[in-house]
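Analysis of the macromolecular model
Each chain, letter by letter, is given below.
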Amino acid sequence: MQITQFSSKVQELYHQIQQRVQAKIILQDNGRQEDWLAFDQSGHKRDHTGNIYLEMAQSSNPDFTLAHELRHIQMEMSNFAEISFPITTTKPDFDQQLQATAVSLLGSVEHVLIMQQQRAAGEITNQVKSDFIAGLAQKVEPETPATAQYFVFRILMLLDALTFSEGQDWNHWEKLYPQSWSAASFLYQSMTKRLTANAFAVRRQEVNLLSEFNQLLHKQHYQDLPYTDFVAIAPILGERQLRLTLEQVFKIKHAEFLDRQTNQRAFILIGNNDQQSVGTLNLQQLDPTQYQRLYQINVQDFLKAQQIHYLMRT
């Protein structure tokens, strides 16, 4: 797959982003041929040299699919909080469920901003809208008693649809998916209420979305998902917070889950304000006195010693 196969506008975007990342962006066909559009038709990963391998389907609109993924790469360069999954529940299927749903939810926050860029660039044509509607119809069956087990999947798909449509019902979605539509609409409205292209605002909405999704599942009698421990989202701190003692900003938690690096019960660092993990800690079993000593260290020194990456709030 060569960049010359795409429109001049997409070629220009490709070269701009490749220049910014200072690495090669290598285009690859993922083997899928689909006559519709969906957000999962493309993805990318880096190798050990920093080169980016961008895989994409042969969709109904390759220009849109490539431009969309290029904008994901562009967002990664914009200094947003890093997401990681440093612990394990020791249940591979549950780990996969947690990570897949978290990635989808956090991706929806990103998609709100990416779709704003694509609209501004004129990349959302009537045909693109039509193809996206067709893609959702391919993936999501209408709600019936026989498809009740797909409730969570439908919410995630409809949430992405809402980021595409700016909250509009483009194809009788409320009628086709009444329960899922209601849940996804609530999440969308909450997610976009104070969302701006600012790292602190994005992180705040990411944490809120994970929490609200979990509350929604709880109301529907689904198992609670331990996103607060399982998903680590890098902190964004002001200069004053860095000078405070650790106990004023964070708490140390001895989690029930295991650290993937040590295979021992994980010590994780939790934000006092939002109760979200920011990463795992290299600590051994602590007695109360040791806890108190750690809590008196200032935040900046502690994060540096534990090699926890953070962003400065601007």
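Residues numbered from 1 in each chain as written. Predicted model: local features only at pLDDT ≥ 70, side-chain atom pairs only at ≥ 80, totals over all residues. Heavy atoms only, no water.

Under an unreviewed UniProt entry, the name given to the protein chain is IpaB/EvcA family protein, and the source organism is Bombilactobacillus bombi.

1. Quick word on the pairing of strand β9 (residues 265-271)
Stated precisely, the cut-off is as follows: Categorising residues by exposure relies on relative accessible area from a 1.4 Å probe, with only protein chains included: less than 20% of the type maximum marks a residue as buried, more than 50% marks it as exposed, and the intermediate range marks it as partly exposed. The secondary structure listing takes helices from DSSP runs of H or I that are at least 4 residues long and strands from runs of E that are at least 2 residues long, numbered from the N terminus. Two strands qualify as a pair provided DSSP detects at least 2 bridges between them.
Most of β9 is tucked away: six of the seven residues are buried. Here strand β8 (residues 250-259) runs beside β9; their pairing, made up of six bridges, is antiparallel. Across the sheet, residue Lys251 finds its bridge partner in β9, namely Ile270. Between the end of β8 and the start of β9, which pair antiparallel, lie five residues, with Asn263 showing a positive phi angle near 60°. Here β9 pairs with strand β10 (residues 277-281) via four bridges, running antiparallel. If you follow Phe267 over to β10, its bridge partner there is Leu281. Joining the antiparallel neighbours β9 and β10 is a turn of five residues, in which Gln275 adopts a positive phi near 65°.

2. Some points on the nonpolar core
Note the following rule: Buried Ala, Val, Leu, Ile, Met, Phe, Trp, Tyr and Cys residues form a nonpolar core when they are joined through side-chain atoms within 4.5 Å. Note that the domain bounds reflect an automated or database-derived domain assignment. Here, residues are in contact when the closest pair of their heavy atoms is within 4.5 Å.
In this structure, Phe213, Tyr227 and Val231 are the most contacted members of the largest nonpolar core, which totals 62 residues. Element by element, the count of residues in this core is highest for helix α3 (residues 92-120), at 10 residues. In terms of domain composition, this core takes at least three residues from each of domain 1 (1-77) and domain 2 (230-312). Beyond its immediate chain neighbours, meaning those up to four positions away, Tyr227 contacts Leu98, Thr101, Ala102, Leu105, Leu210, Phe213, Asn214 and Gln276.

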